Each structure stands twice: as structure tokens, then as C-alpha cells.
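So the chains spell out like this:
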Amino acid sequence: MKVYYLASQSNKEALKESQLKIKRLLEQSGVVVVSSLNPTGDMASSLLERAEELGQSVLDQMDALVVEGSGNDPEIGYLLAYAVSSKKPTLYLMEKGSQTRNPLVFLTNKNIPKNIIVRSYGGTSLEKILYEMLQQIEKSDFVEAPTIKFTLRITPQIEQYLHWKTHNTKTSKADFLRQLIIDEVIKKDEDYRKYRGRKNKH
Amino acid sequence: MNIKRKKICLLFCGGSILVSRDSKSIKVLAKKDIPRWMNEVSELKIIAEIDPVFVFSGSSDSISPEVWSRLAKEIKKRYNSYDGFVITHDFDSIVYSSAALSFMLQNLGKPVILTGSHEVNENIKGAEKMFQNFRNLGIRANLINAVQVAIMNLAEVGIMYGNRLLQATQTQKSLSNAINLYDTTGEYLGKVDFGIRLAEDRQLRRKTALVLRPMIERSVFVLHLYPGMDIVAALNLLSRDIKAIIIRAADVALKTADIKHLEKFSAERKVPIFIQLDDKQQLDQAKGLIYLPTMIPEVSLVKVMWALGQTKSISQLRSLIKENLANEFLNGQ
């Protein structure tokens, strides 16, 4: 799983410590973290290159977003707007007692979409909050939009089957294949489920 | 302490089509359509306070020079009240409008960002399903990026499309990349990666008084020469209502006789002729003929139209055209 983590800009040392802790905890969970704390890291560079090749937005390649929003940073609003628009699973963290205003209050009717979780943290609650969020993503509790381009050449036999299966239905061939992979491959792969279970333990 | 929330003026000039949550395509055709449209993209309000203004709703090919002037005047009217401006615009003619604004809005100290969408053909098979799945992510992403840029430290007219911010006078259509319909002939003004990274050598915000120069002359004819073309015959077909002519002669060597013909035509019809050619010295002594530096074709046309709106004096036209007003020249000229 790939996560983009935005640590809001701040001069407060205590907040910076918390922000680094979030990054560490995410990495310990086994997720690949691309962070604003290290924007030119190898992973970030390779993702950017891939995005250029595919003509995609690099954020579209992320499985989830984590925003530490206790500092004053105009990028927070930008990332949250992207999260609302793209329905990307997003965790928005604010330190307990932070005076920074939550920009999500400006949404119409203050309706925070289901894919965005807002949590205030302090003390030892960070681990629990991050773990719960990763579990939710694993269980596909968020609505996922298929945004990663993947070209697959198929045989005439496969094409014939897909046509037979989906014509006169409201399901496209691509949707049918996506759901088939989730239901018949991923969910039934015991080894993979054990592997994910090990990764999330810490 | 919270940073003061920025205010952005969102001007509607076409290019606003997007897909609602219930998979209907909606666009702003009149002022009354704005509230419903804004409700569909309420995420923009997370970034800044947005004030919408209806300007125009026709198709891309009906965005005339009068609309360019109208956009410039609306921006001038509101200039001191907002931190930046975003204009929704159809992408087919966006280069013309953005170039026009680059010339009309002088001493610009804030960002003016054009973005938008193409008209989507809802009759394409699978379009409804695609909209259900993606809710027209393209325009939404463009709008989010444009509003974000409009609150940043920038004082230029730019076009936001895909993952690039392009300088208005350096933008041309690109067929090479699915997400980026347009490309730049120079450096990018900004790029979208995990956030938006602006070019270091961009114009920064400054507290200046915006100077509005919205006048424009629309009766300009463009003639693209090909080898062996009978220039005189072509020019004689022109209506007497034409106020100026642009001749693109980059691929054709103009003979001395051609220059003489053009001078004579210019004198008889009392129209200035702007010529784009490799050897500008050919025009040094020519009366009524003005050398046109290399620019993107749409930009050079708009600049000529704008210059004619400011003056009819040949010497003043020559000075205006020669000056690199909005970084419109190409090839390091």
C-alpha cells in the first residue's frame, strides 16, 4: 500500500516530533510512505517519473492520504479538496488543543464525506488511530475509484467471453474484471491475507 | 493563529461542464445555474473563499474579442477585492483568451488562471458509466489545481490543465500526452506532483495598480504564404473592411518585388501589414510593413489585434509589436 503523508509546516519542535512519529508508525506498518518531510526521496522520484510516463496525477497512484494538519499550511486545504474530489481514503489528524481551523468546515452543509476520517490525537493514541485506518483500507471500507492505468492484452477467447458476459448488462468489461479479481482472487488468497495480517501487526 | 482565508473570484466563461453526483452533466449557462454547480464542487471552498461571477456561456468558437474585453473589465472591477482569479473556459480557444488577458491586464500583480473542460459527448457508449465511476475527475482536478494556484505567490496569466501550469503566451496544443492537451514552448510555470510546484523565475505578487487596456481590433486577416503563391492576387480578394493583415512568411523567401507590392497595397488600402519572416532586415526601410517577431500563431494574432486597439500610428504599432510585453516571444528573441 502506498500512502502520501503531508506534515503541515510548523516551527514548533514538539509538533515536528509528532509528525516524525506518524511517519515512523506508518513505515512500521509496512506501508510505503511518500512524505512531504522527504519530498525528493527515491520513491517519490520514481512515482513522479511513472506518473509522467502514464500522463497521470501522482496522487492518483497513492492508496491513501494522511494529513497532519496542526500547522498553518495552505497545502492542507489543497490535499483535502483533492481527497473529497477523488474519494481517496484520507486520515486528517490534528493535535489535541491545536488552534488551527479545520478547513473541512467550509464544505457545503459541513458534510464530511465517508472517505475522510478526522481525528484529534495526543499521547499514545496515534498508533491506534493509524492502525484502525489501515485496517479499514485493507477491508476496502472506503469507496475506491480505479485510477491506476494498466494495459492488458487479451486473447480473442477472453474477449469473446467478456463480451458474452457483459453485453446487455450495465457492467462494463473492465468493471467485471475488476470485481472478479477482488472477489475471486484477492479475497480467496489465504497466503496474501496472512501476509497482510503480518504487516499490520506492530 | 490561523492564516487569513484567501478570496478567489471564479469567472464563468464556458468550459464549466461537469458531472453531478447523480451522473447528470451540468454546466453554467446562466447566472441561475451557478448555485447548483458550486454545490457540486464544494471542495473548492476548502481551499479558499470562492465568489462566482457569470460572464459568458456560449461555445468556444463564439468567444469573441468582445468577450476577452469583458473578462478583462470584470477582473479590473474586482481586482482589489480578491487574491486571485480563476476563469472557466472551453479548451479549444483558451490560448486566444489567455493571450488577450496577458496584454489587456498590464502591471498584473496577482494570478489569473484559466482552466475548464471540453464539452463531453454524452451519447458516446459507456459515457454514463464512465461518469458514474469518475465523476468527471478531469475538470474537478483542473479546478482544484487552478484555485490552489490562484492563492499562491504568482502574478501571471496561466493555463491550468492536467498536471501542468502553463504561461499563457507560451502555450500551444500538444497531441503527445493524454492528460496534457496543451504544452509549453518554454519552461513550465508550474507542475502538479504531490502539491503544486511553481517555477522559481515566475513573476511574484506585488502591490501595483492594474492598468486595463481592453481595446481590440477584430478585423485582422491572416495570410499564410506557400511557395509560388500569388500574393497580389490573394490580397486583392480582401474586403476593404479589413483593418490589418498578418502575413506568415517563415517558410517562404519574400522577393524584393513582393515587398514592393505589399508596400503599395498597404498605402492604397491604408492598412498596416505585419510580416513574420526569417530575415527582418528586408523590412527595415519598408513603409507600412511591420516585422512580426516569432510567437505562437494564436498569440501573435491576438497581440496584433490588441496593438491595433491601442493605436493606429505605424511607428507606435512598430514599437508595441517589437516590445516583449508578456514573455510572448519565442526562440530567445
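Residues numbered from 1 in each chain as written. Chains lettered and ligands numbered in written order. Predicted model: local features only at pLDDT ≥ 70, side-chain atom pairs only at ≥ 80, totals over all residues. Heavy atoms only, no water.

Describing the overall build of chain B
Moving on, step 1. Within chain B, the regular secondary structure consists of ten helices and 18 strands.
Moving on, step 2. Counting only residues that meet the buried cut, chain B has 56% of its 333 residues in that class.
Moving on, step 3. By sequence separation, contacts in chain B at least 24 residues apart represent 70% of the contacts at least 6 residues apart. (Helix = DSSP H or I, 4+ residues; strand = E, 2+ residues; numbered from the N terminus. Buried < 20%, exposed > 50% of the residue type's maximum accessible area, 1.4 Å probe, protein only. Contact = heavy atoms within 4.5 Å.)

A look at a nonpolar patch on the surface
Residue and element names in this part refer to chain A.
Moving on, step 1. Side chains of I181, I182, V185, I186, Y192 and Y195 sit close together on the surface and give an oily, nonpolar patch of about 490 Å² of accessible area.
Moving on, step 2. Counting residues per element, the ones that place at least two in the nonpolar patch are α6 (173–186) and α7 (190–200).
Moving on, step 3. Here the nonpolar patch gets four residues from one element, more than from any other, and that element is α6.
Moving on, step 4. Considering the arrangement of structural elements, one finds I186 in helix α6.
Moving on, step 5. Judged by relative accessible area, which is 38%, I186 ranks as partly exposed. (Patch = residues over 30% accessible without salt bridge, like charges linked within 9 Å, V, L, I, M, F, W, Y side chains within 5 Å. Areas by Shrake-Rupley, 256 points an atom, 1.4 Å probe, with all protein chains shown as cover. Salt bridge = Lys/Arg side-chain N within 4 Å of Asp/Glu carboxyl O.)

Thoughts on the side chain of S97(B)
Moving on, step 1. Locating S97(B) in the fold gives a position in helix α4 (residues 94–104).
Moving on, step 2. Those residues within four positions of S97(B) in sequence are excluded, and the remaining contacts are I63(B), W68(B), H89(B) and L114(B).

Let's talk about the environment of A30(B)
Residues and elements named next belong to chain B.
Moving on, step 1. On the secondary structure map, A30 appears in the loop between β3 (25–26) and α1 (34–40).
Moving on, step 2. According to the relative accessible area criterion, A30 is partly exposed, its value standing at 25%.
Moving on, step 3. Considering only alpha carbons, one finds A30 and F56, 26 residues apart in sequence, at a separation of 7.9 Å.

Things to note about the nonpolar core
Soluble globular proteins: nonpolar side chains tend toward being buried together.
Residue and element names in this part refer to chain B.
Moving on, step 1. Counting 58 residues, the largest nonpolar core has L11, I75, I87, L101, V112 and F274 as the members making the most contacts within it.
Moving on, step 2. Counting only domains with at least three residues in this core, you end up with domain 1 (7–212) and domain 2 (220–322).
Moving on, step 3. If sequence neighbours within four positions are ignored, L101 has contacts with W68, L71, A72, I87, V112, L114 and V157.
Moving on, step 4. Listed in part, the 34 residues of the second largest apolar core include L18, L44, I50 and L198. (Core = buried A, V, L, I, M, F, W, Y, C linked by side-chain atoms within 4.5 Å. Domains from an automatic or database assignment.)

Thoughts on a negative patch on the surface
Moving on, step 1. A cluster of acidic side chains, namely D251(B), D278(B), D279(B) and D284(B), defines a negative patch on the protein surface.
Moving on, step 2. Among the structural elements, D284(B) can be located in the loop between β17 (273–276) and β18 (289–291). (Lys, Arg positive; Asp, Glu negative; His and termini not counted. Charge placed at Lys NZ, Arg CZ, Asp CG, Glu CD.)

Considering the sheet that holds strand β1 (residues 2–7) of chain A
All names here are of chain A.
Moving on, step 1. If you walk across this open sheet you meet the five strands as β2-β1-β3-β4-β5, and the pairing is parallel. Lying at the two open borders of the sheet, with one neighbouring strand each, are β2 (32–35) and β5 (116–121). Averaged over neighbouring strand pairs, the angle between their axes works out to 20 degrees when direction is ignored.
Moving on, step 2. Note: strand β3 (residues 64–68) against strand β4 (residues 90–95), four bridges, orientation parallel. From the neighbouring strand, V67 faces β4, where its bridge partner is Y92.
Moving on, step 3. Against the sheet, helix α1 (residues 13–28) touches β1, β2, β3, β4 and β5, its axis set at about 175 degrees to β1.
Moving on, step 4. Relative to β3, helix α3 (residues 74–86) is tilted by about 150 degrees, and along the sheet it contacts β1, β3, β4 and β5. (Pairing = 2+ DSSP bridges. Axes fitted to C-alpha atoms, helices over the stretch in contact; angles between N-to-C directions.)

Digging into the pattern of salt bridges
Moving on, step 1. Under the definition given, this model contains 21 salt bridges over all chains.
Moving on, step 2. Across the pair E132(A) and K128(A) runs a salt bridge whose closest N-O atoms are separated by 3.1 Å. Of the two residues, E132(A) and K128(A) both sit in helix α4 (residues 125–138), four residues apart, roughly one turn of that helix.
Moving on, step 3. Where D258(B) meets K255(B), a salt bridge forms, and the shortest distance between an N and an O atom there is 4.0 Å.

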